[in-house]
Amino acid sequence: MSAGLVTGTHNRDEIVVIPRDGEFSARLMQQQSSQICKICGEEVGFTIDGEPFLACNECAFPVCRNCYDYERREGSQVCPQCKTRFNRLKGNVSFFSVLKYNDIDPDKHALVPMGSELFLPNRYTNTRVQPRSLDPSKDLAVYGYGSIAWKERMEIWKQKQEKAITDDEDEFDLSVSNEARQPLSRRLPISSSQINPYRIIIMIRLVVLGFFFHYRVTHPVTDAYGLWLVSVICEIWFAVSWILDQFPKWLPIERETYLDRLSLRYEKEGKPSQLSAVDIFVSTVDPLKEPPLVTANTVLSILAVDYPVDKVSCYVSDDGAAMLTFEALSETAEFAKKWIPFCKKFNIEPRAPESYFSQNMDYLQGKVLTSFIKERRAMKRDYEEFKVRVNALVAKAQKVPEEGWTMQDGTPWPGNNVRDHPGMIQVILGQNGGLDTDGNELPQLVYVSREKRPRFNHHKKAGAMNALVRVSAVLSNAPYLLNLDCDHYINNSKAIREAMCFLMDPSLGKRVCYVQFPQRFDGIDINDRYANRNTVFFDINMKGLDGIQGPIYVGTGCVFRRQALYGLDAPKQKKAPSRICNFWLKWCCCKSCCFRRKKKNKKPTSDVKPLLNDEDSLELVVSQDRTKVGDNRALIPDHKLENKLGQSPVFIVSTLLENGGILKSSSTASLLKEAIYVISCCYEDETEWGKEIGWIYGSVTEDILTGFKMHCHGWRSIYCMPKRPAFKGSAPINLSDRLHQVLRWALGSIEIFFSRHCPLWYGYGGGLNWLERFSYINSTIYPFTSFPLVAYCTLPAVCLLTGDFITPELDNAASLWFLSLFICIFATSILEMRWSGVAIDEWWRNEQFWVIGGVSAHLFAVFQGLLKMLAGVDTNFTVTSKSGDDEEFSELYAFKWTTLLIPPTTLLLLNIIGVVAGISNAINNGYDSWGPLFGKLFFAFWVIVHLYPFLKGLLGRKNRTPTIIIVWSILLASIFSLLWVRIDPFLAKTDGPLLEECGLDCN
């Protein structure tokens, strides 16, 4: 701009500069070639053609190439002076385009007023050319201006400029599109500096273990052969259990998700969200053990989740048919109309009100709206009123009327008889109405209580979940399912999005059957006395399985692919077809199209009579879906689908829709009628529900069995650990409830072991990885470890009471192998904690409770499982109590009588008696007896230290133990001691009188 008008033509290698004041100064052009960048202070520089760099063609604001590139990538993308959008500069960019017009006739030269000078660029010459003056008598067209050709060139130039701007905008859209096409997640292997030493120690430990057992087997203890044999058998079993537990942790990985890419791909601005719908299941049984307020918080966290409201449906299964649960859900729906707008307006976490209002933190952190404080106080007041109403319902339900409960219209509650009642479904929110206080739509909330009749096996929780699968398929049919226990609320509102980063990933999602989240808990004491957090399993074992074929299903906090629950095999890896295959596929498609045109006006040949009126829509859905590549059911006749899935045509049609959805032409009344039918008692008769489809029956731990079946079909699972825990729940923190929980898990494993689905012999030839099989075998046989564990915990007391030991006197070589084994055990644990991030106190609590549970709950589970398999004696399912008390750790010291407490108490007393007896014996026998005593004392103290949390729980808050526990334990310990005690602790042990010749003749 300071140089004036620059003009010329392409026929000569020169340009014409016309100063604004009528004078030309060569210094101006020289200044242009050596300008300073107004942003960074560096020289603007030149292009590779030797010309000054020009960023803005409008105002020539001096900007160097580095600042230009930065502004284009990260800045505002406009010129700092004139605010014109920067154009994309391709290749070698010059300050002024060199115009060539050597061939023009001198009389038709460019317009140059008098006093102007002609300047040639430096790469051609440094001389000035005297310009010719304009002849006013000649037409401007003579000089090339104003002609048609000039106008065409100007139009072409303008079009190019507009196209350059459009290309620049397209480039931005292209970068966004490229970002959206990137993978939605990635796997992060453990660093080699952490995992390689861990693997090396494992291999060294295997070698040392081999030499250790070689020594143990070849060096029996002849004086205590029975003790030696028992100890060797126990140690071999421990070694096998360690191998089954260790090698599935050989390939641990972590994963990272990209939620922004998920939004870019499936939530484009101005268009409806393309995220897949999700049906969320919440299961509850007894409202007295599972407080309705806990269930209400879980439901509220689901309804307020950060996900499109039209894509979320919440189904609450009330397997106890309690009117209290139904009324509590109605109150929850009313409060949700206020709670959900508050959560989304201020983006609060977590979205379970009880947890949100009870957290100790600065709730003003990150909140800049002045109205937040006022609205938060009002919302807390509303929540307290909501709690009062729910607690009033609970108090009212404590006393059941003789005639049973009645509803508001005076009709009896259908679920008055818990074991004999019809199926019930109530759509509380969604469909017709259901708006929040801001007038926005709310997610769908459905109450479901399946039909129950005498003489029917309802299969407990697994049967309830299968009923929800069918109901949701009829009413909403989302392609993905999330199941939660009633006490597990959503702690991270983006948890579903985290799962969708795996399930909706085009490169990974098709083979993923479920995404499992770790379980995290609230209300656990800081010391975690009974290892309720179970971090060793969730942070070590599950990461290892994720590197193989995926984690096992743990019963809650899991997002499923609906098609995987229908017993289908995982899709095969696609290979590029050959030319012959391509020709064959084209020929088949042509024939298929011709056949469809011929059959267009004919009725469907299916024997299934649909309940829906729109038969054409039903036929269209079935035919469209059956043409999909990879659907194994496309070749299955309809009568076989009925034998597999049941007699509901609406449900069968829903299973054929891979992407979910229901028929829009169907009425709500017809769908509800069909939903009532699919939860009837007899629906599953003579079908494959519970055998090959849905949650698998045959064990109280249906979660392990269900995940095992999916992995056998070739599916893989994903372990997702977001930084903010996705879900949180409550755990039984008192000793008795915790042991009963472990007993139920162990009993389920025993049931699987004696069933046809035992991982030792089931699923060969399928898609189950051999390391994954190791993990399932270990999760099935671990209760049997209770027998060698009880025996091994008894051996120290026996050795102290009898004076014998399980090993002979060790030489130097044997001592080396024993020491090496102990070092390898500790090194393995330390390196495991290093790559997993598990703290040493958490690892130690896990080790302690492994012993406590092993000698109590696991032992009883084996006996109960044998009674069930051999004598048909079934055990009742015990619902774990969910704490609803406001007092922190109020249940920690609560003591409840259970026979599970007797074995560990007996072992404690036995080892304490053994320690006293061993020390008394050493005191009386002199200095030489102390050496062998140390090994026995170490052995006994190992048992006592591991049982120490049990001892604290046994004593309770007031250090009082029930008399019956003390009597039984002392009785068993005394009987066992009398069988082994052959010493007098107050006299030295001798083999008889010492006889020597005195040298006197007594005769």
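Residues numbered from 1 in each chain as written. Predicted model: local features only at pLDDT ≥ 70, side-chain atom pairs only at ≥ 80, totals over all residues. Heavy atoms only, no water.

K.L.:
What exactly am I supposed to notice about the sheet that holds strand S14 (residues 520–522) here?
P.N.:
Pairing between sheet strands relies on hydrogen bonds along the backbone, with the strands arranged either parallel or antiparallel. The sheet built from three strands is open, its strands ordered S12-S17-S14 with mixed pairing. At either end of the open sheet lies a strand with only one pairing partner, and these are strand S12 (489–490) and S14. (Pairing = 2+ DSSP bridges. Helix = DSSP H or I, 4+ residues; strand = E, 2+ residues; numbered from the N terminus.)

K.L.:
Which parts of the structure should I look at to understand the pattern of salt bridges?
P.N.:
Where charged atoms from two side chains of opposite charge approach closely, those side chains can pair. One pass over the structure, following the stated rule, counts 30 salt bridges. A salt bridge links Glu 267 to Arg 497, with the nearest nitrogen and oxygen atoms 2.8 Å apart. Taken together, the positions of Glu 267 in the loop between helix H6 (259–266) and strand S7 (278–284) and Arg 497 in helix H12 (residues 495–503) put the pair 230 residues apart, joining distant regions of the chain. Of the residues examined, Arg 497 reaches a relative accessible area of 9% and is grouped as buried. Between Arg 450 and Asp 319 there is a salt bridge whose closest N-O contact spans 2.8 Å. (Salt bridge = Lys/Arg side-chain N within 4 Å of Asp/Glu carboxyl O. Buried < 20%, exposed > 50% of the residue type's maximum accessible area, 1.4 Å probe, protein only.)

K.L.:
Whenever I open this one, the sheet that holds strand S11 (residues 480–485) confuses me. Can you help?
P.N.:
Spatially, S9-S10-S8-S7-S11-S15-S13-S16 is the arrangement adopted by the eight strands of the open sheet, whose pairing is mixed. One side of each edge strand has no neighbouring strand; the edge strands of this open sheet are strand S9 (424–429) and strand S16 (716–719). The mean inter-strand angle of the sheet, taken between neighbouring strand axes irrespective of direction, is 20°. (Axes fitted to C-alpha atoms, helices over the stretch in contact; angles between N-to-C directions.)

K.L.:
Please explain helix H24 (residues 812–836) as it appears in this structure.
P.N.:
An α-helix turns once per 3.6 residues; consequently, residues spaced three or four apart project the same way. With 25 residues, H24 extends 36 Å from end C-alpha to end C-alpha; this agrees with the ideal 36 Å at 1.5 Å per step. The first or second residue beyond H24 is Gly 837, which carries a positive phi of 85°. (Expected span 1.5 Å × (residues − 1).)

K.L.:
Where do I start with the UniProt feature "transmembrane region" (unreviewed entry) in the chain in this structure?
P.N.:
Per the UniProt record, "transmembrane region" (unreviewed entry) is found at residues 196–213, 225–244, 781–803, 815–837, 849–867, 900–921, 933–951 and 963–981. Strand forms 0% of residues 781–803 and helix 78%; the C-alpha atoms that close the span are 34 Å apart. Each end of residues 933–951 is marked by a C-alpha atom, and these two atoms are 25 Å apart; helix forms 95% of the span and strand 0%. (UniProt positions renumbered as here; feature names shortened; annotations may be inferred.)

K.L.:
What is the right way to look at a nonpolar patch on the surface in this model?
P.N.:
Taken together, the side chains of Phe 822, Ile 825, Phe 826 and Ile 830 make up a nonpolar region of the molecular surface, amounting to roughly 390 Å² of accessible area. Examined against the element boundaries, Phe 826 turns out to sit in helix H24. By relative accessible area, Phe 826 is classed as exposed at 51%. (Patch = residues over 30% accessible without salt bridge, like charges linked within 9 Å, V, L, I, M, F, W, Y side chains within 5 Å. Areas by Shrake-Rupley, 256 points an atom, 1.4 Å probe, with all protein chains shown as cover.)

K.L.:
Sorry, what's going on with the pairing of strand S17 (residues 727–730) here?
P.N.:
On a regular strand, one side chain projects to one face of the sheet and the next to the other, so that they alternate. Here S17 shows a buried face lined by Phe 727 and Gly 729 and an unburied face lined by Lys 728 and Ser 730. Pairing analysis gives three bridges linking S14 to S17, with the strands arranged parallel. Of the residues in S17, the one forming a bridge with Phe 521 is Gly 729.

K.L.:
Any chance you could explain the packing of aromatic side chains here in plain terms?
P.N.:
Each aromatic ring pair is described using two quantities: the centre-to-centre distance and the angle formed by the ring planes. Enumeration over the complete set of coordinates arrives at 45 aromatic pairs. When the ring of Phe 787 is compared with that of Phe 863, the centres are 5.8 Å apart and the planes differ by 85°; the resulting orientation is edge-to-face. Here the residue Phe 787 occupies a position in helix H23 (residues 786–802), and Phe 863 occupies one in helix H26 (residues 857–871), the gap between them amounting to 76 residues. Given the relative accessible area of 36%, Phe 787 is considered partly exposed. Ring-pair connections join several aromatic residues into one group, and the members of that group are Phe 335, Trp 339, Phe 342, Phe 346, Tyr 356, Phe 357, Phe 372, Tyr 383 and Phe 386. Taking the ring centre of Trp 689 as reference, the NZ or CZ of Arg 470 above it sits at 4.8 Å. Here the guanidinium or amino end of Arg 738 rests over the ring plane of Phe 849, the centre of that ring lying 4.7 Å away. (Phe/Tyr/Trp six-rings, centres within 6.5 Å; stacked < 30°, edge-to-face > 60°. Lys NZ or Arg CZ within 6 Å of the ring centre and 35° of its normal.)

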